[in-house]
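Here is what each chain is made of, one letter per residue.
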Amino acid sequence: MDAAVDAGAGQFELNEEQRAIQEMAQAFAADRVAPNALDWDKGRHFPAEVIRETGPLGLGGIYVRDDVGGSALGRLDAVLIFEALAHADPAFSSFISIHNMAASMIDRFGSDEQRQRFLPKLTSMEWLASYCLTEPGSGSDAAALKTRAVKSGGDYILNGAKQFISGAGDSDVYVVMARTGGDGPKGISTFVVPKDVPGLSFGANEHKMGWHMQSTRQVIFEDCKVPAENLLATEGAGFGIAMAGLDGGRLNIAACSLGGAQSALDKALAYTGERKAFGSKINQFQALQFRLADMETELQAARIFLYAAASKLDRKAPDAGKWSAMAKRFVTDIGFDVANQALQLHGGYGYLHDYGIEKLVRDLRVHQILEGTNEIMRVIIARTLIGR
């Protein structure tokens, strides 16, 4: 992929530090992730040992402050990292994104004591983290969650379940949204829940279409005792904390789509340059050339859009939330479409696991659903345009 993207007057010309960040992530992905991605997918193996190797590279706390071991980078920097990792394996990159979203919530909203207690081990990747918002009965309507936390002396007692949690059972720390008050968003609070607390358990690993290298389970709370000192911020602040985490998470997952789709296009270019039909390489047929040209155009448009949205979030622009939603919707739709077209260009070989294309199609499909479905992204965008 290009180290620089021409957007108007060089708005997204990467500086020397950003190029170094991008090249570091690309090198790690090519060396430690890409050679193993198909085996991890086939064996449904969670590569904790390789995930932990990202800690010394600064990828365990990309936008966490440096006093607790974070890299203190910006959102555009993070997008470059996730795009590069996803070129090797979108599922791997997506887990690193989820871990960073959880860590950044503790960094942003936790007390100094909480930050010092949790973040050094999270930023070093000694501990892995998961984000727990979705429930069996509440996905898009996140404010309707039912998991309840009741104060009891110096603890909160949690009861309920979270659904579709990436890393569940493998992660060491869970950032959990639970209801401490009445119905609606103002009754929700956020807790940091270590894996070893009594009353915490996990469901069976789900059999998914994609993201096979990630465990996905229910997180179950049965009279789960969590120390009151693990409440982030104050009671009732949880929904705002969850939504603040999602703006950046949406950009991250879009970057994972972009990297995966770029990989699919690269594979399609290589294959069509080798495959022959009717006496010619198939990339000499104009119909295929036009398709490749459209795929490249769409990916570059998606890249510019994503980098612009990340830049807005870095600058804390007032419309950054809308741009995050627009970028997530646009880039993940384009990413899946490009990967699907790349499979078509491979013909029957694209359907085989060993070529890596069908894995990309399976992995990228869920990006249109998680971190807020693309239909919910349209709701968010429309509300900013015309009001509720």
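Residues numbered from 1 in each chain as written. Predicted model: local features only at pLDDT ≥ 70, side-chain atom pairs only at ≥ 80, totals over all residues. Heavy atoms only, no water.

Trainee: How do you make sense of a nonpolar patch on the surface when you look at a structure like this?
Mentor: A cluster of nonpolar residues, Y349, L352 and Y355, forms a patch on the protein surface that exposes about 260 Å² of accessible area. Its location among the elements puts Y349 in the loop between helix 9 (320-345) and helix 10 (357-365). (Patch = residues over 30% accessible without salt bridge, like charges linked within 9 Å, V, L, I, M, F, W, Y side chains within 5 Å. Areas by Shrake-Rupley, 256 points an atom, 1.4 Å probe, with all protein chains shown as cover. Salt bridge = Lys/Arg side-chain N within 4 Å of Asp/Glu carboxyl O. Helix = DSSP H or I, 4+ residues; strand = E, 2+ residues; numbered from the N terminus.)

Trainee: Looking at this model, I keep getting lost on the confidence of the model for the chain. Mind explaining?
Mentor: For any part of a model where pLDDT is low, the fine detail of the predicted coordinates should not be relied upon. Chain-level statistics for the chain give a pLDDT mean of 95 and a share of 97% at 70 or above. The low-confidence segment residues 1-10 (pLDDT under 50) makes 24 contacts with residues lying over four places distant or belonging to another chain. (pLDDT = per-residue confidence, 0-100. Contact = heavy atoms within 4.5 Å.)

Trainee: What's the story with the environment of V366 in this structure? I'm lost.
Mentor: Counting through the fold element by element, V366 comes out in the loop between helix 10 and helix 11 (374-386). Take V366: its relative accessible area is 27%, and that puts it in the partly exposed class. (Buried < 20%, exposed > 50% of the residue type's maximum accessible area, 1.4 Å probe, protein only.)

Trainee: Before we go on, may I ask you to explain the packing of helix 9 against helix 11 in this structure?
Mentor: Each pair of packed helices gets described by two things: the angle between the helix axes and the distance between those axes. One can describe the packing of helix 9 onto helix 11 by two numbers: an axis separation of 9 Å at closest approach and a directional angle of 145 degrees. Like other packed secondary-structure pairs, helix 9 and helix 11 cross with a definite hand, here left-handed. Mapping the contact onto sequence places K322, A325, M326, K328, R329, T332 and D333 in helix 9 and N374, M377, R378, I380, I381 and T384 in helix 11. (Axes fitted to C-alpha atoms, helices over the stretch in contact; angles between N-to-C directions. Left-handed = near helix turned anticlockwise from the far one by under 90°.)

Trainee: What am I meant to see in helix 8 (residues 286-314) here?
Mentor: Side chains that are three or four residues apart share a direction in an α-helix, a result of its 3.6 residues per turn. With 29 residues, helix 8 should reach 42 Å at 1.5 Å per residue; the first-to-last C-alpha distance of 42 Å fits that figure. Looking one or two residues beyond helix 8, the residue adopting positive phi is K316, at roughly 55 degrees. (Expected span 1.5 Å × (residues − 1).)

Trainee: I keep staring at the nonpolar core and nothing clicks. Help me out?
Mentor: The nonpolar side chains of soluble globular proteins are, as a tendency, buried together. Counting residues in each nonpolar core, the largest one holds 96 residues, and the members touching the most others are I51, F92, Y131 and L306. Element by element, the count of residues in this core is highest for helix 7 (residues 238-272), at 13 residues. Once you skip the residues sitting within four places of it in the chain, F92 turns out to touch F28, V33, W40, P47, V50, I51, T54 and M213. The next biggest cluster of nonpolar side chains, apart from the first, holds 18 residues, and it includes Y174, L200, F221 and C224. (Core = buried A, V, L, I, M, F, W, Y, C linked by side-chain atoms within 4.5 Å.)

Trainee: Just checking my understanding: could you explain the state of the cysteines for this structure?
Mentor: Here, the word disulfide means a covalent bond between the sulfur atoms of two cysteines. Scanning all chains against the criterion turns up zero disulfides. C132 takes part in no disulfide bond, and the closest cysteine sulfur, belonging to C224, lies 11 Å away. The class for C132 is buried, based on a relative accessible area of 0%. (Disulfide = S-S within 2.5 Å.)

Trainee: Looking at this structure, how should I read the packing of aromatic side chains?
Mentor: What characterises a pair of aromatic rings is the spacing of the ring centres plus the angle enclosed by the ring planes. This structure, assessed with the given rule, holds ten aromatic pairs. Aromatic side chains F28 and F92 sit 6.5 Å apart centroid to centroid with 40 degrees between the ring planes, which places their arrangement in the tilted category. Remark: F92 occurs in helix 5 (residues 90-109) and F28 occurs in helix 1 (residues 16-33); sequence separation between them is 64 residues. There is no split in this pair, since F28 and F92 are both buried. A network of ring pairs unites the aromatic residues F28, W40 and F92 as a single cluster. (Phe/Tyr/Trp six-rings, centres within 6.5 Å; stacked < 30°, edge-to-face > 60°.)

Trainee: Looking at this structure, how should I read the environment of Q341?
Mentor: Relative to the assigned elements, Q341 resides in helix 9. It is 29 Å that separates the C-alpha atoms of Q341 and L246, two residues lying 95 residues apart in sequence. Once residues within four sequence positions are removed from consideration, Q341 is found in contact with R291, M295 and E298.

Trainee: What exactly am I supposed to notice about the pairing of strand 1 (residues 129-132) here?
Mentor: Residues in a regular strand point their side chains to alternate faces of the sheet. Where burial is concerned, the two faces of strand 1 agree: the one with A129 and Y131 and the one with S130 and C132 are both buried. Where strand 1 and strand 4 (residues 173-179) come together, four bridges link them in parallel fashion. Within strand 4, the residue paired with A129 across the bridge is V173. (Pairing = 2+ DSSP bridges.)

Trainee: What is the right way to read helix 7 from this model?
Mentor: Its 35 residues place the ends of helix 7 50 Å apart at the C-alpha level, agreeing with the 51 Å of an ideal helix rising 1.5 Å per residue. When the local axis directions of helix 7 are compared, the greatest deviation, roughly 30 degrees, occurs at D247. (Bend = angle between axes of the 7 residues up to and from the residue.)

Trainee: For this particular structure, what's the right way to read the pattern of salt bridges?
Mentor: Pairs may arise between side chains of opposite charge once their charged atoms sit close together. For the coordinates displayed, the defined rule picks out 20 salt bridges. Residue K359 pairs with D89 through a salt bridge whose shortest N-O separation is 2.7 Å. Taken as a pair, K359 in helix 10 and D89 in the loop between helix 4 (75-88) and helix 5 lie far apart in primary sequence, 270 residues in all. The same class applies to K359 and to D89, which are both buried. A salt bridge links R115 to D107, with the shortest nitrogen-to-oxygen separation between them at 2.9 Å. Comparing R115 with D107 shows no difference in burial state: the two are buried. Within this structure, R65, D67, D107, D112 and R115 form a network of salt bridges that share partners.

Trainee: Would you explain the side chain of S171 in this entry?
Mentor: Relative to the helices and strands, S171 resides in the loop between strand 3 (155-166) and strand 4. A distance of 2.7 Å separates polar atoms of two side chains, one belonging to S171 and the other to S130. When sequence neighbours within four positions are dropped, the list of residues in contact with S171 reads F95, L128, A129, S130 and K195. (Polar contact = N/O pair within 3.5 Å; in protein donor to acceptor, adjacent residues only side chain to side chain.)

Trainee: What's the story with the environment of T216 in this structure? I'm lost.
Mentor: Relative to the helices and strands, T216 is located in strand 7 (residues 216-227). You can call T216 buried: its relative accessible area is 5%. For T216 and G169, which are 47 residues apart along the polypeptide, the C-alpha to C-alpha distance reads 8.4 Å. When neighbours within four sequence positions are excluded, T216 is seen to be in contact with F164, I165, S166, A204, N205, E206 and K208. One polar contact links T216 to K208, side chain to side chain, over a distance of 3.1 Å.

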